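# Coordinate analysis (summary)
Residues per chain, in single letters:
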Amino acid sequence: MQKIKSLMTRQGLKSPPESLSDLGAIESLRVPGKEEFRELRDQPSDPQAEQELINSIEQVYFSTDSFDIVKYELEKLPPVLNLQELEEYRDKLKQQQAAVSKKVADLILEKQPAYVKELERVTSLQTGLQLAAVICTNGRRHLNIAKEGFTQASLGLLANQRKRQLLIGLLKSLRTIKTLQRTDVRLSEMLEEEDYPGAIQLCLECQKAASTFKHYSCISELNSKLQDTLEQIEEQLDVALSKICKNFDINHYTKVQQAYRLLGKTQTAMDQLHMHFTQAIHNTVFQVVLGYVELCSGNTDTKFQKLQYKDLCTHVTPDSYIPCLADLCKALWEVMLSYYRTMEWHEKHDNEDTTCASEGSNMGAEETDFDRGYIKKKLEHGLTRIWQDVQLKVKTYLLGTDLSIFKYDDFIFVLDIISRLMQVGEEFCGSKSEVLQESIRKQSVNYFKNYHRTRLDELRMFLENETWELCPVKSNFSILQLHEFKFMEQSRSPSVSPSKQPASTSSKTVTLFEQYCSDGNPFEIQANHKDEETEDVLASNGYESDEQEKSAYQEYDSDSDVPEELKRDYVDEQTGDAPVKSVSRETLKSRKKSDYSLNKVNAPILTNTTLNVIRLVGKYMQMMNILKPIAFDVIHFMSQLFDYYLYAIYTFFGRNDSLESTGLGLSSSRLRTTLNRIQESLIDMEVSADPTATLTAAEERKEKVPSPHLSHLVVLTSGDTLYGLAERVVATESLVFLAEQFEFLQPHLDAVMPAVKKPFLQQFYSQTVSTASELRKPIYWIVAGKAIDYEQMLLLMANVKWDVKEIMSQHNIYVDALLKEFEQFNRRLNEVSKRVRIPLPVSNILWEHCIRLANRTIVEGYANVKKCSNEGRALMQLDFQQFLMKLEKLTDIRPIPDKEFVETYIKAYYLTENDMERWIKEHREYSTKQLTNLVNVCLGSHINKKARQKLLAAIDDIDRPKR
């Protein structure tokens, strides 16, 4: 391009850009003619040679237009000029010029059409510019006309209208700003009304409006004020949230949650709520305990307020300990109830929110679900945390005072409160209250050990001072009527069969939170824990009414009707069957022979000591029912009460070393094992402490109780009273009654007993409780052994001549004497039955013992016979049959005990030698003396000496293992 410009300059041409500033100069441009182009084109050309010539041109010739070619060439001339060289150099320059000119001509010819076209466009542009100049001239002329046609007043009106519109907008903005500035008054009113959602909504709207007018300088201050107000609202909102912890109000909490939702701080609100609950627990327990400490100290010294809660608990006095504990649990219940109702509120509203979200849009659904999940987990985790805080506070309170200083009823009341609190905790979060259980269990076991030891000593004192008089109770007496067993009626006792349970108990159990959700407090019930109901279990004189006493002594063998009251009370005590509704007169008359209880109302036989033991069992069960973790310890101590009572009855009325020598098996191996176990584990047989005894032995003796001694007021040696039969009946049957009550309580005990300890309970019932009735045999055997004069009967039998020669038709007088003894025994039984009801099993055992002893005495009398004939043997049978016939009229026991024992012995007189040997081996129930007498006296007449020696040897073989 520089080359072209240089060439055009030398030819007097101007470049198009330079000529555009002067349109008129375009016409004077000289365009090479066709001839010139043709000449240049017709010249012979060698493109390569021409290009070489152009390339050989110095670069300076292609510089700017200010370059002076002539001056440059002249300066290049040498000092000494050579014409030939000059001409050669001139020719070279001409050749170069010619090459350039040719090259330019070629380019011009090549660009000629574009040049013509561009020239035409420039001409068209010139025409357009001239037209624009005409339009501008016309516009200026019309503007001058408009200026002359309108006045300045008209333009002023337009300016004022525009200013008016601006001022109206400004006025609206100012009014809005004024309203914003007055918002703090309305916000204060809404906060006083606790309308937190409305206050936050208004504040947020004001902040949004203020951002619209942020270009005003006054708005920046208002924005700051609104932000401060919002922070103030959040502070008041936090205070309102803290009030939920002690007194939950649905409307109040709904407003608070809506407010936090508007702020977008629902998670923060939940964190703050748990912090407030923790603080509420601490503040509540501290204030309750502080109030009692200050009240009992009689002053409001601030030193107590500075104490730690643990130290403050040690200042609670024993008198105020239980009321303070009750109020403490009431206050903690309010906190837990508030948390429970808070969870209910969230469960309910979460379901509503889920329903609304499913029906509406999904905007923010993920965020809402996340918040809901966070709140749910936080609340579930908070259950355990809050219950742990409650347990620790109550545990600290319990450890602040030694519970051993309290009486039993107060201690039970403390346990009842703690048990109710643990029930609350289990329903609250499903926790087993390990912290409270471990704390209260240690104190309870220690307390109960000391209490039980004291009660055992008291029981020994009662037994040693007991005169074994009947304690008159009503016929419908039940241990559930006693104050100590009232707790079993309040709860569903496992001893009651499902068919006997009220219909309401089959429905769903109502929790404490459901029961006291809207009103009341589970610990308010404990305030009146003393049952004001009086026990109505004692009968005035052994009869429940004068009519019963009168009817009880009617003669049943008269023609008068049997009293209905006695019909209802008639029970088969041996089988335990239900009362017979229709009993014939003949049945009653027939049973009258051995049933000495028909002249008394069928009331339980027990003593004051028995009643005290039952009350103790009730108290023990109260503790066990309240605190199930110590159930095994309590049941173990209960078993000791029964063991000691059983051992005392045996020691007082049943211990007789001569009993076991009879070989009748009066004491079963199970009873002997039980008595030995009790003596080894519970009875302290040492008279005085041994100072050289080891510490372990001393500790073991502390767990034992001295053996009781029968009161000197109880006389067991008088034949007129059948050797204390009334006292024996009262004592023995009171033990049987106590065993029956333990049987009644077994399902309840089994329900609370830990599974690993149930074998102990089963063993106690199978080996101890069930043996109570077995004491009847050894105790009443002593009476039976003394009630009949068996020695006199042996003397009378010894005077009888048995070697008679003819068959006698008259029985011997010893039979009549024996029957008179039995008649006298029957009369004495009737006399005793007027004092104490003698149950049918007792009378049966007495008659059975007496008859068995009589029959064995008869056999012993026969074994003392020196000489006996066949007629004498017939006389023996006659005597025994007479005895049986008369005896059956005195008693209704069938079959007669040991009847076969006598008959078999008499019949053995008729056996041959071989039969006798086999008979001796089969009948080992007879003594050696009795068997030897059979061989020597009765069989000596018809067997030889060798056979007799053989039979005696067989008897000796049988007797040898017994030695």
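Every residue gets a number counted from 1 within its own chain, in the order that chain's sequence is written. This being a predicted model, a pLDDT of at least 70 is required before a residue's local features are given, and a value of 80 or more before pairs of side-chain atoms are given or counted; all residues contribute to the totals for chains, interfaces and linings. Side-chain numbers come from the whole structure's heavy atoms, not from hydrogens or water.

Named according to an unreviewed UniProt entry, the chain is Syndetin originating from Neomonachus schauinslandi.

As a further point, take the overall build of the chain. Under the DSSP-based scheme used, a helix requires at least four consecutive residues in state H or I and a strand at least two consecutive residues in state E, with every element numbered from the N terminus. Of regular secondary structure, the chain possesses 38 helices and two strands. Per-residue burial for the chain yields a buried fraction of 42% across its 963 residues. Contacts spanning at least 24 positions in sequence make up 80% of the contacts within the chain whose residues lie at least 6 apart. Residue exposure ignores everything except the shown protein chains as possible cover, and the areas themselves are Shrake-Rupley values with a 1.4 Å probe. A total of about 53,500 Å² of accessible surface is found on the chain, and carbon and sulfur atoms cover 52% of it. Only protein chains enter the area calculation, which uses a 1.4 Å probe; residues under 20% of their type maximum are buried, those over 50% are exposed, and those in between are partly exposed. We call two residues in contact whenever any of their non-hydrogen atoms come within 4.5 Å of each other.

Here R453 shows up in helix α18 (residues 434–465). The spacing of R453 and E703 is 250 residues in sequence and 7.6 Å in space, taken between C-alpha atoms.

On to unusual backbone geometry, then. For the bond from R894 to P895, the omega torsion is -5°, close enough to zero to count as cis. The topology assignment puts P895 in the loop between α34 (870–890) and α35 (899–907). One non-glycine residue with positive phi stands out, namely L722, at about 55°. Summarising the element assignment, L722 is placed in the loop between β2 (705–706) and α28 (725–752). Since its relative accessible area comes to 0%, L722 is described here as buried. Look at Y723: it is not a glycine, yet its phi comes out positive at around 60°. Mapped onto the secondary structure, Y723 falls in the loop between β2 and α28.

We now examine a negative patch on the surface. A cluster of acidic residues, E344, E347, E380 and E514, forms a negative patch on the protein surface. Here E347 is to be found in helix α15 (residues 318–359). A patch consists of residues whose relative accessible area exceeds 30% and which take part in no salt bridge; residues with like charges are grouped when within 9 Å of each other, and nonpolar side chains (Val, Leu, Ile, Met, Phe, Trp, Tyr) when within 5 Å. The rule for a salt bridge is simple: a side-chain nitrogen of Lys or Arg has to be within 4 Å of a carboxyl oxygen of Asp or Glu. In summary, the charge assignment counts Lys and Arg as positive and Asp and Glu as negative, without counting His or the chain termini. Charged side chains are reduced to one point each, which is NZ for Lys, CZ for Arg, CG for Asp and CD for Glu.

Tracing the sequence through the fold places S711 in the loop between β2 and α28. Given a relative accessible area of 8%, S711 falls into the buried group. Here S711 is in contact with E464, N465 and E466, once residues within four sequence places are set aside.

So, about the nonpolar core. Judged by nonpolar contacts, the single largest core of 225 residues is most densely connected at F822, Y862 and F883. Sorting elements by how many residues they give to this core places α15 first, with 17 residues. Excluding residues within four positions of it along the chain, F822 makes contact with I788, W847, C850, I851, A854, F883, L887 and L890. Residues I54, I57, Y61 and V104 belong to the second largest nonpolar core, which totals seven residues. Buried residues of nine kinds, namely Ala, Val, Leu, Ile, Met, Phe, Trp, Tyr and Cys, make up a nonpolar core once their side-chain atoms join them within 4.5 Å.

With respect to the helices and strands, D915 occurs in helix α36 (residues 913–922). Reaching out from D915, the side chain makes a polar contact with the side chain of R918 at a distance of 2.9 Å. Polar contacts, as used here, are pairs of N or O atoms within 3.5 Å; protein pairs need one atom able to donate a hydrogen and one able to accept it. Residues neighboring in sequence count only if both atoms are side-chain atoms.

Every α-helix winds through 3.6 residues per turn, so residues three or four apart in the chain are directed the same way. With 24 residues, helix α25 (residues 631–654) should reach 34 Å at 1.5 Å per residue; the first-to-last C-alpha distance of 33 Å fits that figure. With 22 of 24 residues buried, α25 is to be regarded as a mostly interior element. For a helix, the expected span equals 1.5 Å multiplied by the residue count minus one.

A grouping of V70, L74, L77 and L81 is seen on the molecular surface, where their side chains present a nonpolar patch of about 370 Å² in accessible area. Note that L74 resides in helix α5 (residues 69–76). Here L74 falls in the exposed class, since its relative accessible area comes to 54%.

What follows covers the packing of helix α17 (residues 408–429) against helix α24 (residues 608–626). Between two packed helices, what matters for the description is the angle formed by their axes and the separation of those axes. Between α17 and α24, whose axes approach to 9 Å, the crossing angle comes to 25°. Viewed along their axes, α17 and α24 adopt a mutual orientation that is roughly parallel. Crossing geometry of α17 relative to α24 is assigned as left-handed. Contacts from Y408, F411, I412, L415, D416 and S419 in α17 reach K619, Y620, Q622, M623 and I626 in α24. Of the residues contributing to the contact of α17 with α24, the split by class is seven nonpolar, two polar and two charged. Axis lines are fitted to C-alpha atoms, over the contacting stretch for helices. Their N-to-C directions set the angle, which ranges from 0 to 180 degrees. Working rule for angles: under 35 degrees goes down as roughly parallel, over 145 as roughly antiparallel, 65 to 115 as roughly perpendicular, anything else as oblique. Each crossing gets its hand from how the near helix is turned against the far one by less than a right angle, where anticlockwise is left-handed and clockwise is right-handed. Classification convention: Asp, Glu, Lys, Arg as charged; Ala, Val, Leu, Ile, Met, Phe, Trp, Tyr, Cys, Pro as nonpolar; all other residues, Gly among them, as polar.

Take the packing of aromatic side chains next. Two rings from Phe, Tyr or Trp (for Trp, the six-membered ring) form a pair when their centres sit within 6.5 Å of each other. Planes less than 30 degrees apart are called stacked, planes more than 60 degrees apart edge-to-face, and all others tilted. A complete count under the given rule lists 37 aromatic pairs for this structure. An angle of 50° between the planes, with centres 5.4 Å apart, marks the rings of F248 and Y253 as tilted. Taken as a pair, F248 and Y253 share a single burial class, namely buried. Pairwise contacts between aromatic rings join F277, W333, Y339, Y340, F428, F513 and Y516 into one cluster. Two conditions define a charge located above a ring, namely a distance within 6 Å from the ring centre to NZ of Lys or CZ of Arg, and an angle within 35 degrees of the ring normal. Above the face of the F632 ring, K757 is positioned so that its terminal group lies 4.4 Å from the ring centre. Over the aromatic face of F901 sits the side chain of R856, whose NZ or CZ is 4.4 Å from the ring centroid.

Looking at the chain as a whole, the pLDDT averages 78, with 77% of positions reaching at least 70. Summary of the metric used: pLDDT quantifies the predictor's per-residue confidence within the range 0 to 100. Predicted confidence for residues 1–31 stays below pLDDT 50, and this span has 21 contacts to residues more than four positions away or in other chains. Counting contacts from residues 492–507, a segment whose pLDDT is below 50, to residues more than four positions away or on other chains yields 13 contacts.

Following the criterion strictly, the structure yields 28 salt bridges and no others. Note that K102 and D106 form a salt bridge whose closest N and O atoms lie 3.6 Å from each other. On the criterion of helical spacing, the pair formed by K102 and D106 is a turn pair, its members being four residues apart in helix α6 (residues 83–110). Linking E860 and K929 is a salt bridge whose minimum nitrogen-to-oxygen distance equals 3.0 Å. Taken as a pair, E860 in helix α33 (residues 840–863) and K929 in helix α37 (residues 928–938) lie far apart in primary sequence, 69 residues in all. Several salt bridges converge on common partners, so that one network encompasses E848, R852, R856 and D898.

Note that R837 resides in the loop between α32 (813–835) and α33. A distance of 2.6 Å separates the side chain of R837 from the backbone oxygen of A603, its partner in a polar contact.

Here we come to helix α31 (residues 790–798). Every buried residue of α31 is accounted for by Y790, M793, L794, L796 and M797. Looking down the long axis of α31, one finds its buried residues gathered within 165° of arc, a one-sided arrangement. α31 presents E791, L795 and A798 as exposed residues on the side facing more than 90 degrees away from its buried surface. Those residues of α31 hidden inside the fold are in contact with α30 (776–787), α32 and α33. Directions drawn from the helix axis to the C-beta atoms are what define this arc.

The topology assignment puts I943 in the loop between α37 and α38 (945–959). Sequence separation of I943 and T912 is 31 residues, and the distance between their C-alpha atoms is 8.3 Å.

What follows deals with the packing of α18 against α24. Running from amino to carboxyl end, α18 crosses α24 at an angle of 170°, the nearest separation of the two axes being 11 Å. Taken together, the axes of α18 and α24 lie roughly antiparallel to each other. In this structure, α18 uses Y447, F448, Y451, H452, R455, L459, F462 and L463 to contact α24, whose residues at the interface are T609, N612, V613, L616, K619, Y620 and M623. Partitioning the contact of α18 with α24 into residue classes produces ten nonpolar, three polar and two charged.

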